[in-house]
Structure formats: C-alpha cells, structure tokens
Amino acid sequence: MFLKETNEHIAIWEGHKYTKEEATATSGIRKILWMKDFSVTFNALISEAENVYLNTNEHTRATVDVQTRDARFIKFCQERYPLHSYNRSAPIMHELRAIKSKHEVEQMQNACNITEKGFRRLLGFVKPGVMEYEIEAELIHEFVRNRSRGFAYGPIIASGKSACILHYTDNNKECKSGEVILLDVAAEYGNYASDLTRCLPINGKFTPRQKDVYNAVLRVMRAAIKMLVIGNNITNYHKEVGKLMEAELIGLGLLDKNEVEKQNPGAPLYKKYFMHGTSHFLGLDVHDVGSKYRSFEAGMVFTCEPGIYIPAEGLGIRLEDDILITENGPVNLMANIPIEADDIEKLMAN
Ligand code: GLY
Ligand code: MN
Ligand code: MN
C-alpha cells in the first residue's frame, strides 16, 4: 500500500496522519511505502510481471464524462509499458462485491439501524404544513449524530403527486393534509449503503383508498421477499413479481382483467403503474455492482421495492427494505422498521 507521507507542516494544518506502522495495524497490509516511491517501486515490480489488472468504472449506470485518475493511470501504463498484457479488474471486483462478508453485513445492518432511528424520528415530525426540506434536515441530524456520514444517496422526500416522479429530489414542497408522503431516504455507514422507502399519511390517517393501494404494495413486497432465495435469479424473480402486481392492479380497478389477458407479453400493462425494477444489488454503492445473470447466492444483499404510482390520484406508494440472502432464507435487515399501515398510524398518533 502506498500512502502520502506526512510531515510537521502537514500535521499542523491537517492533523496526524498514519505512520507506516499504524497503517499496517489498521489494514493488515504489511508492506507500506510512501507515494513518492511509487514510480520507482512500480517500475521494479512491473518488469517481473506479465499481467496487469487495472481498475475501470464499469458500473452499468455510470456516465464518465471527464478523464478519471484511473483512466490516466491506465494510459500511463500502456504508454510506458506497451508490451504487457492488460486486464480488467472490474469483473473480479464485481464478483467479489456481490457477496458480502460477515463484517460487511454488520456495516450494512448498522446503516439500516441508523436509518431506522431517522425514520422513527419522522413519525412524530411529519404533519400538515411541514416542508419537505425540514424532513430532510431532521434525517441528516439523526444520521450524523449516530456516526453516519450522511445520506447513502440523494433523499427523495416527495409529498402528494411528486411521489409519482421516481427520481424527485427537489424536496421543496409543503406537506398537505390528505396527501401521502413518499420517503426514499437512508443512511450510509462505513461506506456501506442502506436503502429504505416508507410512505406516511401527512395528517396521520390514510384514506381507505390510500390504504388499499398501500396494502396492495405491501402484499407484493412480502411475497417478493420470499422469492429472494438461493438459486432463484433476477429474470425469473421480476417475472413473478410482475404477475403479483398485475393481480393487485386488477383488484384496485386500475387494470382490466380482459385487457390483461390480451396484453402483449413484451409490454405488460402493469408497467403503466409500476415502471421500475423490484430489486437491485446493495453494498458500497446504493445501486451496487453485480451480474444480473448470476443466480442468487448466500451473502448477496438486494433491495425489495415494489410500488404503485397513480398520477391521476396524486398518489405514489413504494415500500422498500434491504434483504440478505442466506442458507436459511431471506433475512430482512430492516425488519424492525415499522411498515404495517395501522402501526404507522398508531406511531404517528403518539
Ligand atoms: N434510492 C434509490 C433506489 O431505491 O433505488
Ligand atoms: Mn432501491
Ligand atoms: Mn430507495
């Protein structure tokens, strides 16, 4: 491992930095060198190597507009040592990152626990007249005081019809009585993400219609979580969740049974009200790396986040928990975060 060497001047401005011994103690890496020795050391090592594995950002959602430090280093290597064989480390990292170690699961559980504290704080805070950004402020306060560095991703605090905008992040509207607010908000901890969505009735009580839609989403979520088991795969999983959602949308009067029977299987009608995937890998990134062609294995962590969005009714409901796949079935890392509509109402009333 290469570290930036410190000195008395830097210590005055930036504080103490690791000595080599401290770096070994904290990382387990025995050989520590200063960054200024990198070129000479690298030159000596590469002359004995045939294969070089270099990092590139191969996240499917990444848009890389400016040359990154990784990209500059790749260019440097290829120009300076043109006859080596260069390989991608990304596929190896993606394979490793998809399976969480015990320690990683602990970090993620802690992120979920901090998220829970933030959410519980909101149950007594959300009411008519509150601004969405005030809710954001409550959360960041609770996250940071529990040693999170903050939100794991841009928080979506979307009241009323804004909940139908999937990536709404304006968070600048007033919460109105009679509306539901969708909260897709979660803490990071130790660089690991959690990812939560809950929906609250702003005046503390769901209307019968809001509760029907809410419970439909909750049923789909519970059935979907049961399918996050070893050996299943994302394609089959999404197909099965689609069928569950279809039945719920018919029940809610949003889809017509006869039209569903005649639908084009390539463009199912349920997508009008549920237009995103049900699950994604979760870890160091909120949308973590991992192959969609790999069957589910123990140690993978996925979100489970069905939703129903009805712009005509100014209503969007999504519920989202984080699920660890284990030999003994799915383990919900957010099992302690209230989700039953009746529980939410009771807690808001307290
Ligand atoms: N918070 C982003 C997502 O749920 O995918
Ligand atoms: Mn998610
Ligand atoms: Mn989310």
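Right above here is the structure, for reference.
Structure report, in brief. Computed from a predicted structure; not experimentally measured. (Residues numbered from 1 in each chain as written. Chains lettered and ligands numbered in written order. Predicted model: local features only at pLDDT ≥ 70, side-chain atom pairs only at ≥ 80, totals over all residues. Heavy atoms only, no water.)

Quick word on the overall build of the chain
Okay, so step 1: Secondary structure assignment for the chain yields 11 helices and 14 strands.
Okay, so step 2: Each principal axis of the C-alpha atoms in the chain carries an extent, and together these give about 70 × 50 × 40 Å.
Okay, so step 3: Here the chain holds 350 residues, and the buried ones make up 45% of them.
Okay, so step 4: Put simply, the chain shows about 18900 Å² of open surface, and 52% of that area lies on carbon and sulfur atoms. (Helix = DSSP H or I, 4+ residues; strand = E, 2+ residues; numbered from the N terminus. Buried < 20%, exposed > 50% of the residue type's maximum accessible area, 1.4 Å probe, protein only. Areas by Shrake-Rupley, 256 points an atom, 1.4 Å probe, with all protein chains shown as cover.)

What about the pattern of salt bridges?
Okay, so step 1: Evaluation of the coordinates by the stated rule reveals 24 salt bridges.
Okay, so step 2: Note that Arg-97 is salt-bridged to Asp-285, the shortest N-O span being 3.6 Å. Highlighted residues: Arg-97 in helix α5 (residues 90-98) and Asp-285 in the loop between α10 (257-261) and β10 (301-304), separated in sequence by 188 residues.
Okay, so step 3: The partner of Asp-342 in a salt bridge is Lys-211, with the nearest N and O atoms 3.0 Å apart. Of this pair, Asp-342 sits in helix α11 (residues 341-349) while Lys-211 sits in helix α8 (residues 208-226), and the two are 131 residues apart along the sequence.
Okay, so step 4: A cluster of three or more residues bridged by salt bridges with shared partners is formed by Arg-97, Lys-100, Asp-285 and Asp-288. (Salt bridge = Lys/Arg side-chain N within 4 Å of Asp/Glu carboxyl O.)

Brief notes about the coordination of the manganese ion (ligand 2)
Okay, so step 1: Taken together, Asp-195 (OD), His-280 (NE2), Glu-305 (OE) and Glu-320 (OE) make up the protein donors of the manganese ion (ligand 2), found 2.1 to 2.2 Å from the metal.
Okay, so step 2: One can describe the site at the manganese ion (ligand 2) as irregular: its 6 donor atoms subtend angles covering 51 to 153 degrees at the metal.
Okay, so step 3: Sequence spacing of the donors to the manganese ion (ligand 2): D-x84-H-x24-E-x14-E.
Okay, so step 4: Between the manganese ion (ligand 2) and the manganese ion (ligand 3) the interatomic distance amounts to 3.3 Å, and Asp-195 serves as a bridging ligand to the pair. Highlighted residues: His-280 in the loop between α10 and β10 and Glu-320 in the loop between β12 (315-318) and β13 (321-326), separated in sequence by 40 residues. There is no split in this pair, since His-280 and Glu-320 are both buried. (Donors = N, O, S within 2.8 Å, 3.2 Å for Na, K, Ca; no water. Tetrahedral: all angles 85-135°; square planar, octahedral: opposite > 155°, others 65-115°.)

With respect to the coordination of the manganese ion (ligand 3)
Okay, so step 1: For the manganese ion (ligand 3), the protein coordination sphere consists of Asp-184 (OD), Asp-184 (OD), Asp-195 (OD) and Glu-320 (OE), at 2.1 to 2.5 Å.
Okay, so step 2: Its 6 donor atoms give the manganese ion (ligand 3) angles of 55 to 168 degrees at the centre, a pattern that matches the irregular case.
Okay, so step 3: Donor residues for the manganese ion (ligand 3) sit on one chain with the sequence pattern D-x10-D-x124-E.

Quick look at the environment of Lys-31
Okay, so step 1: Summarising the element assignment, Lys-31 is placed in the loop between α2 (20-27) and β2 (33-34).
Okay, so step 2: Look at Lys-31 and you get exposed, because its relative accessible area is 59%.
Okay, so step 3: Along the backbone, Lys-31 and Lys-20 are 11 residues apart, and their C-alpha atoms lie at a distance of 8.4 Å.

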